[in-house]
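# Coordinate inspection notes
Residue-level listing of the chains:
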Amino acid sequence: MYKKLLGLSALGLAIASSQVQADEIVFAIGGTPQSLQGQTAQEFTRRLQERLGDEHQVELYDSAQLGNEQQLVQKLRLGTVDLAAISSIMSSIDAKFALFDMPFLVKDRNHLKRIDQNIVMQDLADSAASKGLNIVSTWENGFRHITNNEHPIETPEDLDGLKLRTPQSEWRTMMFDTWGANPTPMAFSEVFVALQTGVVDGQENPLSNINGAKFQEVQDYLSLSNHVYSPIWLTAGQGNWEKLPEDVRTAITEVAAETQDWALAKGAELDGNLIGTMREAGMEINRVDRDAFVEASAPVYQAYADRVDGGQALIDRAMALAEE
């Protein structure tokens, strides 16, 4: 009788364990907890957990614990991760997403919201779906700036020969190559050591990522450029997304939309605060000659128009939305 009870107990534990596993929502990001990406992910996780209650457990894994963005995309498709925050590498999955690699395209966050509503959640979301990915929401990575250990960057000529880490995006690489730098793609998790050891001279990221990864400890110069606005896309694999109960999909979608507003407001707040933080850390700060960089960016726009199906129309639509 005792053995039988033990057997039933073990069976009960196994069933309970499988239920916990079935109800777990795995959410992974590459950013650190201190970055805007990390803070946004935490806010989303808190709100979604509150919305779903005890029936589901939302597990957040930050700092590339479950892999870099390329690996997370694969895990989304395999179904081993339910949700992930994917940024610059989305353009390597579908070239239309390189719209956000066009220099100085996004005017401000209100412009970004119009691009999101009229282009991302229509054209780009359809393109992602054809590649097995479901775009749930567009969040903020932020306006990107250049840091390095050689000298201030004022014009494209100042980038000549500079070894600059870029995301693993051929379009970002093309942009800096066009400007005269020596772009070096690598995963975000590898950048601090690469800067520290001199493998690369500099990098480009939003202020929240620079601060979150403590790049100011291994970089001397910060050149405020706003050269690209990087979104983060809260993304699910199509297979897992369709298997989720309808009420869970609705909760995720609605909470993600709420979190977008939170992320954009937080990004604006951080932009206002972190320049002082960088200066206090000892960085020399300057603003780039925007007109010189815009003029030097024409070949990047032309390449997008030539190589991406409907590329010129997407550029024109995005630019027109700046005027509304």
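Located above this text is the structure these notes cover.
Residues numbered from 1 in each chain as written. Predicted model: local features only at pLDDT ≥ 70, side-chain atom pairs only at ≥ 80, totals over all residues. Heavy atoms only, no water.

### Regarding the overall build of the protein
Spelled out, the test is: The helix and strand labels rest on DSSP assignments: H or I over at least four residues marks a helix, E over at least two residues marks a strand, and numbering proceeds from the N terminus. Atoms considered for the radius of gyration are the C-alpha atoms alone. The globule rule reads 2.2 Å times the number of residues to the power 0.38. Three labels apply to residues, based on accessible area from a 1.4 Å probe with only protein chains included: buried if under 20% of the type maximum, exposed if over 50%, partly exposed otherwise in between. Only heavy atoms enter the contact rule, under which two residues are in contact if any of them lie within 4.5 Å. Calculation of accessible area relied on Shrake-Rupley with a 1.4 Å probe; when residues are assessed, cover is drawn exclusively from the protein chains displayed. Working convention for charge: Lys and Arg count positive, Asp and Glu count negative, and His plus the chain ends are omitted. Lysine's charge is taken at NZ, arginine's at CZ, aspartate's at CG and glutamate's at CD.
When helices and strands are tallied, the protein shows 13 helices and 10 strands. Its C-alpha atoms give the protein a radius of gyration of 21 Å, within 12% of the compact-globule value 20 Å for 324 residues. Along the three orthogonal principal directions, the C-alpha set of the protein runs to about 85 × 45 × 30 Å. Scored against the burial criterion, the 324 residues of the protein give a buried share of 52%. A separation of at least 24 residues holds for 74% of the contacts in the protein among residues at least 6 apart in sequence. Of the roughly 14,200 Å² of accessible surface on the protein, a fraction of 48% belongs to carbon and sulfur atoms. Seen as two clouds, the 26 positive and the 47 negative side-chain charges of the protein have centres 6 Å apart.

### Here we look at the nonpolar core
Selection criterion: Side-chain atoms within 4.5 Å are what join buried Ala, Val, Leu, Ile, Met, Phe, Trp, Tyr and Cys residues into a set we call a nonpolar core.
Counting residues in hydrophobic clusters, the biggest one holds 55 residues, and the most contacted among them are Leu 159 and Tyr 304. Leaving out residues up to four positions away in the same chain, Tyr 304 has contacts with Ala 95, Lys 96, Ala 98, Leu 99, Met 102, Trp 171, Gly 311, Leu 314 and Ile 315. Core analysis: the second largest hydrophobic core is formed by 22 residues, Val 136, Ile 232, Leu 234 and Val 255 among them.

### What about unusual backbone geometry?
Even without being a glycine, Phe 104 presents a positive backbone phi close to 65°. Looking at where Phe 104 falls in the secondary structure, it is placed in the loop between α4 (90-93) and α5 (109-129). Residue classification places Phe 104 among the buried residues on the basis of a relative accessible area of 12%. One non-glycine residue with positive phi stands out, namely Asn 226, at about 50°. If you trace the backbone, Asn 226 turns up in the loop between β8 (221-224) and β9 (229-237). With a relative accessible area of 33%, Asn 226 lands in the partly exposed category.

### Describing the packing of aromatic side chains
Operational definition: For this analysis, a ring pair means two rings from Phe, Tyr or Trp (six-membered ring only for Trp) whose centres lie within 6.5 Å, classed as stacked if their planes differ by under 30 degrees, edge-to-face if by over 60, and tilted for the remaining angles. Think of it as a cone above the ring: NZ of Lys or CZ of Arg counts as a charge over the ring if it is within 6 Å of the ring centre and within 35 degrees of the ring normal.
Overall, the coordinates contain 11 aromatic pairs when judged by the stated rule. Centroid distance Phe 27 to Phe 44: 5.5 Å. Interplanar angle 80°. Geometry classified as edge-to-face. Here Phe 27, found in strand β1 (residues 24-28), pairs with Phe 44, found in helix α2 (residues 36-52); they are 17 residues apart in sequence, far enough to count as distant. You can call Phe 27 buried: its relative accessible area is 0%. The exposure class of Phe 44 is buried, given its relative accessible area of 0%. Among the aromatic residues, those joined into a ring-pair cluster are Phe 104, Phe 176, Trp 179 and Phe 293. Between Arg 307 and the ring centre of Trp 171, over which it is positioned, the NZ or CZ distance is 4.7 Å.

### Some remarks on the environment of Ala 313
Along the chain, Ala 313 turns up in helix α13 (residues 311-320). Judged by relative accessible area, Ala 313 falls into the partly exposed class, the value being 42%. In sequence terms Ala 313 and Asn 110 are 203 residues apart; their C-alpha atoms lie 21 Å from each other.

### Notes on the environment of Leu 314
Turning to its location among the elements, Leu 314 is positioned in helix α13. With a relative accessible area of 4%, Leu 314 lands in the buried category. Counting along the chain gives 218 residues from Leu 314 to Lys 96, while the straight-line C-alpha distance between them is 8.3 Å. Setting aside residues no more than four positions away along its own chain, Leu 314 makes contact with Lys 96, Leu 99, Ile 119, Asp 123 and Tyr 304.

### Observations concerning the side chain of Asn 209
Structurally, Asn 209 can be placed in helix α8 (residues 207-212). Residue Asn 209 is classed as buried on the basis of its relative accessible area of 6%. Contact partners of Asn 209, with chain neighbours within four places excluded, come to Ser 35, Leu 36, Asn 141, Phe 188 and Phe 215.

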